[in-house]
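# Coordinates in review
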Amino acid sequence: MAGDKDTLLGMGFDPARVEWALKATGNRGLQPAMDHILENESQPVPSVENVSESSAPASSAMDVDEDEEDAEALRSLGGVTANVVEAKSIKCSECGKIFKNTALAEFHAEKSGHDQFEESTEEVKPLTEEEKKERLAELRAKMAEKRSRKTIEEAAEQKANEQLRRKAGKDLHKVREDLQAKEAIKEAQQKKRDKIEEAKARAAVKAQIEADKKARAEKAAREKALREGLPIEDAGASTSAAAAPHPGASTSGVAGKDFKETRLQIRMSTGGQPYTTSLPSDSPLSAAAEFLAAQTLTVSVETVTFAQHFPRKTFSRSDFSKSLRELGLTPSAVLIATP
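Residues numbered from 1 in each chain as written. Predicted model: local features only at pLDDT ≥ 70, side-chain atom pairs only at ≥ 80, totals over all residues. Heavy atoms only, no water.

Cut-off, in case you're wondering: UniProt positions are given in the numbering used here, feature names are shortened, and annotations may be inferred rather than shown by experiment.
An unreviewed UniProt entry lists the chain under the name Ubiquitin-related domain-containing protein, with Lentinula lateritia given as the organism. Of the comments in the UniProt record for the chain, the one headed Subcellular location (unreviewed entry) reads "Cytoplasm".

Okay, structure coming up:
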């Protein structure tokens, strides 16, 4: 066995793998050991103590003794002649290879799948130095081919993994771009809504200013009519009031602030469409709160508050008992309600 070990070491194999192969194959020769090394080159080398020897089906000493006893018994009975041919090897009927024992034949059968064997008188000759070199060259070529194939497979696998990684990166980038586009659209829509609300607010302020100007002009005209004793026209009326009193008469006509009705436009501080109504000018501010509470469930008469932008003013709870006339909301006003 030292010769097989030295041959394997001379081939450049790792000493530990050589020990493992020889023990695992039961020291059945160079070829089984080489096959074992090739089959397990990618496996880690176990401890030699943990390696169990393969059962060698070659004839044991007891079998030899029994065969010799049987042969002796046959010779004593005259059943065995001197011309009996002794089988020196086992031959594979399918491929023609010969093996020096049944263990090698079984190993060949396991690798090749062949199952037709017969005894042969051919003797398996040991490998010459030249044959060993050829076998070593073949073995190294097989190992190089196997390593090359493994390298190609690993490169292909790495390439496939890289393609998957790049595809996943592209998909993630596309998802991010889609999210950014949606956020940009959402932001643009919000800016558009803000501009619309701002335009509405400016229009409301402008309308309030115009209404205040008109109210002040009407008030000034009424006061002037009272001072000059001229007839006073009620807002929206098509006819004049009663005939003007003579110059000495008392100025008991309708005062400039005596509007019968007050037109209110109530806007919610939370946004939405405004609510419009006309109330008697003597109605308290609480009547406007009751009207608004009847229009939307989000408003309560007990908690709602009112404010004005022009002129800027916030009404307290004590103002709710005062009339619209006393609060200067006639003939029209815009109120901002906070629930």
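### Let's talk about the pairing of strand E1 (residues 89-92)
In regular strands, side chains alternate between the two faces of the sheet. Under the convention used in this document: Here a strand pair is declared whenever DSSP counts at least two bridges between the two strands. Going along the chain from the N terminus, every DSSP run of H or I of four or more residues is numbered as a helix, and every run of E of two or more is numbered as a strand.
Alignment of E1 against strand E3 (residues 117-120), held across four bridges, turns out to be antiparallel. Counterpart to Lys 91 in the pairing with E3 is Glu 118. One ladder, built from two bridges, connects E1 with strand E2 (residues 98-99); its direction is antiparallel. Bridge pairing links Ile 90 to Phe 99 in E2.

### Remarks on the sheet that holds E3
Reading across from one edge, E2-E1-E3 is the order of the three strands in this open sheet, with antiparallel pairing throughout. Two strands close off the open sheet at either side, each with one partner strand: E2 and E3.

### Details of the packing of helix H3 (residues 30-39) against helix H5 (residues 102-112)
Any two packed helices are characterised by the angle at which their axes cross and by the distance between the axes. Filter applied, for reference: Here the axes come from fitting lines to C-alpha atoms, over the contacting stretch only for helices, and the angles between their N-to-C directions go from 0 to 180 degrees. Should the near helix be turned anticlockwise from the far one by less than a right angle, the crossing is left-handed, and should it be turned clockwise, the crossing is right-handed. Residue contacts are defined here by distance: any two heavy atoms, one from each residue, within 4.5 Å place the two residues in contact. Polarity classes work like this: nonpolar for Ala, Val, Leu, Ile, Met, Phe, Trp, Tyr, Cys and Pro, charged for Asp, Glu, Lys and Arg, and polar for all others, with Gly in that last group.
One way to put it is that H3 packs onto H5 with a least axis distance of 11 Å and a crossing angle of 35°. As for how H3 packs across H5, the hand of that crossing is left-handed. Between H3 and H5, the contacting residues are Pro 32, Asp 35 and Glu 39 on the first element and Leu 104, Phe 107 and Lys 111 on the second. Of the residues that constitute the contact of H3 with H5, the class distribution is three nonpolar, no polar and three charged.

### Quick look at the packing of aromatic side chains
Where we set the bar: Pairing of aromatic side chains requires ring centres within 6.5 Å, counting the rings of Phe and Tyr and the six-membered ring of Trp. Pairs whose planes differ by under 30 degrees are stacked, by over 60 edge-to-face, and all others tilted. We count a charge as sitting over a ring when the NZ of a lysine or the CZ of an arginine lies within 6 Å of the ring centre and within 35 degrees of the ring normal.
In the structure shown here, the tally under the stated rule is one aromatic pair. Sitting over the ring of Phe 320, Arg 317 keeps its end group 4.2 Å from the ring centre.

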